[in-house]
Amino acid sequence: MDLLLSLQALGRIGENVISRFRDVTAKPFRRRVNQAASAQAASGVTPEERALAAAINAEITGRECSNPHLRDLLANTSSRLVDSSSYYCGMMNRLARDTIGRMPRLMLSMENESDNESVEDRFHEWAAQVKLGQKLRKMRRIAAIKGEAFLVLVDNPKIQPVQIDIRVIDRSRITGGTEQDLTNPYSIDGIDFDENMNPIRYWILDEVPNRLQYADYLPKPVPAKNVIHYFRDTREEQYRGIPEATPALLLYPQVQRYSKAVLTAAETGAKTVMALTVDGIWLDKACEAGEEVEAPIAGEAFNPDYGSILTLPEGTSLDAIKPEQPTTVYDQFVRAMICEAARCIDMPAILALGCSDGSSFAGANVDWHPWENTIYQDRTDIDADALFPILSRWFEEAILVEGYLPSIARQKYGMDGLPGRWGYDRLRKHIDPDKESKGAERFLQNGLMIHDDFYADGGISARRQLERQARLFGKDPQEFLDVLFDQIYRSEQVMAAEVTAEAAEKSAVGSGQSSALAVGVVDES
C-alpha cells in the first residue's frame, strides 16, 4: 500500500514537471507566433494574400491549371479585385471592349453575291436577337478576370426562326469528380477528350455548387458542339484557364494599402495630434515625499476640447507630433505599380491609367502598336474558338428552316460550312484623315491593299459599301466600279500624259490669245 502511494506521488510530481516544462517551452513559441501575427496584421498582409503569393511564386504549369483549388484561389482573388480596384476593373473593361467592339460582322465569300447578302442578313438578325455582341464582350471580360469563360448554346422558342440562344455560365459549373471523370484517363476536371485531346463533352451542373444540395451535385453531359470554351492558352498541356493578369494580382492590394496609408497620414496631419509627457524627476520626488500622485496611464488616449485652454496635470507637458506624409511620391508610386500590372496583358500605360498626361502624340502612337497587335491576335483566336463554331451551329439549324436560306447555301455548303471571315470595329481612328486617305490610295495603286481589306479593317463589307455609294449617286453598281477603277488604278504614265496634254492645251490657248491681241493692236494702229 505504501509503495502504491509512493508511485502515485511520483507520477503526480512527474506530470507537474512535464506540464511546467511544456509551459516554459510553449511560451516563447506562442510569443513568436503572436509577434509574427502582429507584424503581419500591422503590415496589412492578409492570409489570402500570403496563400496567393505562395501559389504565384510556385511554378504554374499547364497541368496545374487543371487543379480546381488553384483556379478557385486565383479566380476568386481576381474577382474581388475587379470589384474593389477601379484600375483593374477599367483595364478588364477596356480589354473586352477593344477586342469585341460593338459586334463582329459576318462577311461571306460564296460565289453569288446575292446569296452572301441573304445569309449575312439572316445571321445578323439572329445575332441581334441573342445579343451576340454583348455576350461576346462578357465572355472576353470573364475570361480575362477568371481565366476562362463558357458559352452554352441552348434551345429558346422565343428566338425565331432559328431557336438557338447563348448563355454565359459560371466556370464553377464545369466540374469533374464523377464516375466518368475518375475512370476515363482522357477526362480532365469536367471535360472529356478523345485520343487527340479534342473535347467531346462537358459535365455541367444545373447551378453553381454553393446553391446545390449534396444530392443534386451531379453534373450532366453536354456535347462539345454546344459549348464554347474560351481561355488564353499559354502553357503546354493546358486545358483550363487561369486569370490573364495572374502576375499582377499581388500589386493591386499594395496600391490600395499605399493609398490608405497616404489618406490616413493626410487625415492625421489635418488634426492636432499631441502627446502628454510626464516629468520623471518630479514623479520620483513626489513618490519619495509620500505624496499621492495620479500619473497618466501610458497609451491612454483622450479627446481635447478644441478651441479651449487645457489645464495639464502637475509634472506634465504637452508636445505636438508632426506626421510625415508620403504624398510627394504618391503619383510616381501608383503610376509605376499600375504600369507594371498592365504589362502582363500588354496594355499601354495611357490606357491602364486612363490618362495621357505627359505623353506626346508620337509616343502614344508607338505605345498603341503593340496593343493593336495584341487585340488582332485575340480577335483571331476568338474567330476560331467562338465565332466560327457559333456560325456552324447556327447554320446547322438554319438550313432546316424551309425557305430561310438560299438553296445553293444549303446544297453546296451544308456539310462543309460557310466560307468567309469576320469584320470588327476599327480599334482607333487616325488623327489626320487626309494623310490616311492618301496613304490608302498609294497602297491601292501599288497593289499592297485591296478594297476588301481596307473596309474590313473597320468591320464593313466593301461590296455592300460600294453598292450603297452607287445607289446613293443613282448609278449602276458596275458602272460606278468601272469609274472608281479608272480613278484609282490608272498608271502614273497615263496621269503624267494627261497632265502634259492639259498643260500643252492651256499653253496653246494662251499663245493664241496673245497672238490675237497682237493682231488687234496692229490693226488699230
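Up top is the structure these notes are about.
Everything numeric here is computed off the predicted structure, so don't read it as measured data. (Residues numbered from 1 in each chain as written. Predicted model: local features only at pLDDT ≥ 70, side-chain atom pairs only at ≥ 80, totals over all residues. Heavy atoms only, no water.)

Participant: What's the story with the packing of aromatic side chains in this structure? I'm lost.
Facilitator: To describe a pair of aromatic rings, you give the distance between the ring centres and the angle between the ring planes. Enumeration according to the criterion identifies 10 aromatic pairs in this entry. Both rings, one in phenylalanine 123 and one in tryptophan 394, keep their centres 5.2 Å apart while their planes meet at 85°; by these two values the pair is edge-to-face. Of the two residues, phenylalanine 123 sits in helix α5 (residues 113-130) while tryptophan 394 sits in helix α12 (residues 361-398), which places them 271 residues apart along the sequence. Phenylalanine 123 gets classed as buried once you look at its relative accessible area, which sits at 1%. Ring geometry for tyrosine 258 against tyrosine 330: centres 5.9 Å apart, planes inclined by 5°, an arrangement best described as stacked. You can see tyrosine 258 sitting in helix α8 (residues 251-269) and its partner tyrosine 330 sitting in helix α10 (residues 330-343), a full 72 residues away along the chain. Residue classification places tyrosine 330 among the partly exposed positions, given a relative accessible area of 26%. Ring pairs connect the aromatic residues Phe123, Trp126, Phe388, Trp394, Tyr404 and Trp422, which therefore count as one cluster. (Phe/Tyr/Trp six-rings, centres within 6.5 Å; stacked < 30°, edge-to-face > 60°. Helix = DSSP H or I, 4+ residues; strand = E, 2+ residues; numbered from the N terminus. Buried < 20%, exposed > 50% of the residue type's maximum accessible area, 1.4 Å probe, protein only.)

Participant: In this structure, what is going on with the environment of valine 227? I would like to understand it.
Facilitator: Tracing the chain through its elements places valine 227 in strand β8 (residues 227-230). We classify valine 227 as buried; its relative accessible area is 6%.

Participant: Could you clarify how one ought to interpret the pattern of salt bridges in this entry?
Facilitator: Note on pairing: side chains with opposite charge can pair once their charged atoms come close. Taken as a whole, this structure holds 20 salt bridges when the rule is applied. Note that glutamate 237 and arginine 63 form a salt bridge whose closest N and O atoms lie 3.1 Å from each other. Linking glutamate 237 in the loop between β8 and α8 with arginine 63 in the loop between α2 (47-57) and α3 (68-84), this pair joins segments that are 174 residues apart in sequence. The shortest N-O distance in the salt bridge between aspartate 425 and arginine 102 comes to 3.0 Å. Within this pair, whereas aspartate 425 is found in the loop between β11 (420-423) and α14 (433-445), its partner arginine 102 is found in the loop between α4 (86-100) and β1 (105-108), the two being separated by 323 residues in sequence. (Salt bridge = Lys/Arg side-chain N within 4 Å of Asp/Glu carboxyl O.)

Participant: Help me out: how do you make sense of the sheet that holds strand β7 (residues 220-223) in this one?
Facilitator: In a beta sheet, neighbouring strands pair by backbone hydrogen bonds and run either parallel or antiparallel. Judged by pairing direction, the sheet is antiparallel, and its 4 strands sit side by side in the order β4-β5-β6-β7 without closing on themselves. In this open sheet, the two edge strands, each paired with only one partner strand, are β4 (187-188) and β7. (Pairing = 2+ DSSP bridges.)

Participant: In this structure, what is going on with a negative patch on the surface? I would like to understand it.
Facilitator: A cluster of like negative charges, contributed by Asp476, Glu479, Asp482 and Asp486, occupies part of the molecular surface. Secondary-structure assignment places aspartate 482 in helix α17 (residues 477-489). On the accessibility criterion, aspartate 482 (39% relative accessible area) is partly exposed. (Patch = residues over 30% accessible without salt bridge, like charges linked within 9 Å, V, L, I, M, F, W, Y side chains within 5 Å. Areas by Shrake-Rupley, 256 points an atom, 1.4 Å probe, with all protein chains shown as cover. Lys, Arg positive; Asp, Glu negative; His and termini not counted. Charge placed at Lys NZ, Arg CZ, Asp CG, Glu CD.)

Participant: Teacher, can you tell me more about the sheet that holds strand β2 (residues 149-155) here?
Facilitator: The strand order β3-β2-β8 describes an open sheet built from 3 strands, whose pairing is antiparallel. Looking along the sheet, the strands with just one partner apiece sit at the ends: β3 (164-169) and β8. Shown here is a sheet whose adjacent strand axes are inclined to one another by a mean of 20°, direction ignored. Bridge count for β2 against β8 is 4 bridges, and the pairing is antiparallel. When the bridges of β8 are listed, phenylalanine 150 appears paired with histidine 229. Sheet strands touched by helix α6 (residues 132-146): β2, β3 and β8. Its angle to β3, the strand with the most contacts, is close to 25°. (Axes fitted to C-alpha atoms, helices over the stretch in contact; angles between N-to-C directions. Contact = heavy atoms within 4.5 Å.)

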